[in-house]
Amino acid sequence: MPDSSPHRVFFPPDPGSVRAISTTIDIPASAFHGSFQKILLIYAGTTVCFPSITCLLLWQQLQDHWVLAWWLLHMLAVVIIVIDWYIRRQQGAAAAPRWQGPVDIMVAGFSGLVWGAGALGMPQIDTASQLLLVAVIAGVIGGSAPALALMPAAGAAFIVNVAWPYAVYFLTQGSVIGYGMAALIVGYVGAMIVANRVLHSIMVRNWRLSSENTALYDRIRKAQDELLDIADSSEAFVFFDHAGRMLLWSRRFPALLGLAESDLKRHGALQPLLERAGLPPDLTTSHDAVADDAGRPVLPMPNGGWARASLRDLPHGDRALFLVDVTEQQQASSQLQSQNTRLEELFREVSSARDAALRASQAKSTFLANMSHELRTPLNAVIGFSDIIRRKLFGSVSPKYDEYIDDVYNSGCHLLGIIDDILDLARIEANQIVVQESRVDLAEEIATSIRLASQQFGPASASITVAVPDDLPALHADARLVRQILINLVGNALKFSPGGLPVEVGARLEPASNEIQLWVRDYGIGIAKQDQARIFDPFEQAGAHLSRNFGGVGLGLSLVRAFVVAHQGRLAIDSEPGKGTLITASFPATRTVNMNDRGEDTSRFAPRRAQ
Ligand code: ADP
């Protein structure tokens, strides 16, 4: 049975499909099996009753062997019919359709002939009994027409065989009444054969119609289930007719409206439902609607979600309301909006922080420049005058002051070095390091640096070995910065080599890469692995106790690295605690001075002659 709920709409079938189905249906062997078995049993039963009653009536008048024989013949027919019924039962419903087959025709024909055999007794009975017999025969023929409607050929065989002996008997009477009776019998037989055939075709047609009906119903049911499956997996929608009665809806529709499926079935009409859900009658316009990213109105739904509504006209005055669930998009869009706002805020914060940092950096640079000027001026005076006194340019002072004045001079120089380092660091941080390109003679720079570093850091006993090949090419670099690099490296090597351990300073050309390398090696305290990276950062030192033991502020190596990088070079460190340290600065091959045969410098940093 079709589901009668409004959700399950039963669509009228397409008349075209009915025709299509009719042509494909064939009556199967099993279709009439049950009915036919029943008919056989009824037939056997009537063949027991009718002939027995007829023979009983005739026996009262005739009491002849013929009546007994006739009755026995009928019983034989019954036995044959029962055997037929039994065989069919054994074969079951799947048996081949034998109801039009020769066996059935023979059985029916034999049974009819047994009835017809009654005509042999006609001459011996009076007219009243003859009429009784003819009436019984007419009844048997009339009853067989519908009973044998399932097998018209067998029916015809039965009817003809019942009737022809009586017709022949009446014909042979040679009287008008006899002829009339014969004609009546023939006419009656014809009418019954036609009736039998008509009934047969009605039965078959009925059967076909009911089969078609079942097939159609199955088809429609399947199509409907498919439609509902699609509907349930699609967006929320409802189809309704001109009176607002809901015809079909997808399961998402009540869910979006915050209603139960049963609410929809109970109401049946759309408007009260929308009212119940607190939605405007025309869903496409509402005060609560907001615009989505594309500017289309989006409605808040009772289930807390958002949907875009659209109404469409359908054929026959029906309409469809679609609700596209846009909750996720709406949430994503508002999330995006709040993220954008936060991003803007952050951007504003960052840019004001950057402005503040720039201002602070500017102030720091100005402060450092001013301070360096302020510090340098008196410091230069202190260094200059203590140097004059130290050198006794204007006569000697008390020997006690000699010692003090050396301290004043050395401390002034040390302080000036620190101030210069801090200034260089400020320049580095402000990206203001400018490399003044020149051709640097490294042997010369190494000698000068060793002298200056020894004055500042070196114990008198330290032995410094220099290894510079005679044919070492010059380096395109900033002489001041190269000297700073060397002074810092040699200074550290001297500082961290207690007890006058040897220090080696050298420069070489890497033949494979054509790079010039500067290196400083000592055999002092060395640097632990974990400290080797961070000591190149400003104010970093290898260990707190070291700074106290050896002094320094932790700027030297950070300046060295910045100066090397300013020359596109790189620094390498190889150190082991207690064994010493080797620091190598490599400059790119482009900075190596290349002289051609004509004595011209062809390297990249060579000064170009005006054309
Ligand atoms: P400073 O020497 O003024 O402290 P540097 O930046 O030149 O600053 O050096 C940073 C630290 O690296 C030093 O404090 C020291 O701990 C370590 N260091 C540098 N050179 C050597 C070296 N040749 N041997 C051992 N330790 C060194």
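Our subject is the structure that appears above.
Residues numbered from 1 in each chain as written. Predicted model: local features only at pLDDT ≥ 70, side-chain atom pairs only at ≥ 80, totals over all residues. Heavy atoms only, no water.

Draft legend 1. How the structure looks around the overall build of the protein. The helix and strand inventory of the protein stands at 16 helices and 13 strands. A total of 611 residues make up the protein; the buried ones form 38% of that total. Pairs at least 24 apart in sequence give 64% of the contacts found in the protein among residues at least 6 apart. For the protein, the exposed surface amounts to about 34,000 Å²; the carbon and sulfur share of it is 60%. (Helix = DSSP H or I, 4+ residues; strand = E, 2+ residues; numbered from the N terminus. Buried < 20%, exposed > 50% of the residue type's maximum accessible area, 1.4 Å probe, protein only. Contact = heavy atoms within 4.5 Å. Areas by Shrake-Rupley, 256 points an atom, 1.4 Å probe, with all protein chains shown as cover.)

Draft legend 2. Quick peek at the pairing of strand β10 (residues 503-510). Pairing analysis gives four bridges linking strand β8 (residues 464-467) to β10, with the strands arranged parallel. Bridging from a neighbouring strand, A467 pairs with G506 of β10. Bridge analysis of β10 against strand β11 (residues 515-522) gives eight bridges, and the strand direction is antiparallel. Within the sheet, the bridge partner assigned to L509 lies in β11 and is I516. Between β10 and β11, which pair antiparallel one after the other, the connecting turn spans four residues, and N514 there sits at a positive phi close to 60 degrees. (Pairing = 2+ DSSP bridges.)

Draft legend 3. Examining the site of the ligand more closely. What surrounds the ligand is a group of 19 residues, the closest being N492, D522, Q541, A542 and L557. Within the side chain of K495, one N or O atom sits 2.9 Å away from an oxygen atom of the ligand. In this structure, an oxygen atom belonging to the ligand sits 2.7 Å away from a main-chain N or O atom of L557. Considered class by class, the residues forming the shell around the ligand number nine nonpolar, seven polar and three charged. (Near = heavy atom within 4 Å. Polar contact = N/O pair within 3.5 Å; in protein donor to acceptor, adjacent residues only side chain to side chain. Nonpolar A, V, L, I, M, F, W, Y, C, P; charged D, E, K, R; others polar.)

Draft legend 4. Spotlight on the packing of aromatic side chains. Within the structure shown, the criterion is met by six aromatic pairs. Seen in terms of ring centroids, Y43 and F158 are 5.8 Å apart; in terms of plane orientation they differ by 80 degrees. Their pairing is edge-to-face. Taken as a pair, Y43 in helix α2 (residues 33-62) and F158 in helix α6 (residues 152-171) lie far apart in primary sequence, 115 residues in all. Residue Y43 is classed as buried on the basis of its relative accessible area of 12%. Residue classification places F158 among the buried residues on the basis of a relative accessible area of 2%. (Phe/Tyr/Trp six-rings, centres within 6.5 Å; stacked < 30°, edge-to-face > 60°.)

Draft legend 5. Expanded view of a nonpolar patch on the surface. Together, L73, L76, V79, I83, Y86 and I87 make up an exposed nonpolar region whose accessible area comes to about 510 Å². Mapped onto the fold, I87 is located in helix α3 (residues 65-91). (Patch = residues over 30% accessible without salt bridge, like charges linked within 9 Å, V, L, I, M, F, W, Y side chains within 5 Å. Salt bridge = Lys/Arg side-chain N within 4 Å of Asp/Glu carboxyl O.)

Draft legend 6. Summary view of the packing of α2 against helix α4 (residues 102-116). Relative to each other, α2 and α4 sit at 15 degrees, their axes nearing to 12 Å. When the interaxial angle is binned, α2 and α4 end up roughly parallel. Note that α2 runs across α4; the crossing there is left-handed. On the side of α2, the interface is formed by F36, Y43, F50, P51 and T54, while α4 contributes D104, A108, S111 and W115. Residues of the contact of α2 with α4, tallied by class, amount to six nonpolar, two polar and one charged. (Axes fitted to C-alpha atoms, helices over the stretch in contact; angles between N-to-C directions. Parallel < 35°, antiparallel > 145°, perpendicular 65-115°, else oblique. Left-handed = near helix turned anticlockwise from the far one by under 90°.)

Draft legend 7. Structural view of empty space enclosed by the protein. Considering all chains together, one arrives at two cavities of 30 Å³ or more under this definition. Roughly 40 Å³ of internal volume is contained in the second largest cavity. Looking at the second largest cavity, the residues that line it are L40, Y43, D84, D104, V107, A108 and M151. Along the lines of polarity and charge, the residues of the lining of the second largest cavity split into five nonpolar, no polar and two charged. (1 Å grid on protein atoms, 1.4 Å probe; cavity = no way out; pocket = protein on both sides within 12 Å on 5 of 7 lines; lining within 4 Å. Points joined across faces, edges and corners; volume = space filled by probe spheres on them.)

Draft legend 8. Expanded view of the nonpolar core. Counting residues in hydrophobic clusters, the biggest one holds 47 residues, and the most contacted among them are W70, W115, M122, I141, F158, Y166 and F170. For this core, the secondary-structure elements that each account for two or more residues are α2, α3, α4, α5 (127-147), α6 and α7 (176-233). Discounting chain neighbours no more than four positions away, the residues touching F158 are Y43, A108, G109, S111, G112, W115, V140, S144 and L148. Among the nonpolar cores identified, the runner-up in size contains 38 residues, and V435, L442, V503 and V564 belong to it. (Core = buried A, V, L, I, M, F, W, Y, C linked by side-chain atoms within 4.5 Å.)

Draft legend 9. Molecular detail of the side chain of Q517. The topology assignment puts Q517 in strand β11. Take Q517: its relative accessible area is 10%, and that puts it in the buried class. A distance of 3.4 Å separates the side chain of Q517 from the side chain of S586, its partner in a polar contact. Setting aside residues no more than four positions away along its own chain, Q517 makes contact with G506, A507, R508, E510, T584, A585 and S586.

Draft legend 10. Examining the sheet that holds strand β13 (residues 580-587) more closely. In spatial order, the strands read β8-β10-β11-β13-β12; together these five strands make up an open sheet with mixed pairing. Strand pairing shows two members of the sheet lacking a second neighbour, β8 and β12 (570-576), which therefore form its edges. Strand-to-strand twist of the sheet, defined as the mean angle between neighbouring strand axes without regard to direction, takes the value 15 degrees. Along the sheet face, helix α13 (residues 442-456) touches β8, β10 and β11 and points at about 160 degrees away from the line of β10. The strands that helix α16 (residues 556-566) touches are β12 and β13; relative to β12, the one it contacts most, it runs at about 145 degrees.

Draft legend 11. Region of the structure containing the pattern of salt bridges. Within the structure shown, the criterion is met by 18 salt bridges. The salt bridge involving R354 is made with D355; its shortest N-O contact spans 3.5 Å. Residue class for D355 comes out partly exposed when judged on its relative accessible area of 32%. In this structure, the salt-bridge partner of K392 is D402, at a minimum N-O distance of 3.4 Å. Placement of the pair is K392 in the loop between α11 (327-390) and α12 (399-429) and D402 in helix α12, with a sequence separation of 10 residues. Note on D402: relative accessible area 22%, which makes it partly exposed.

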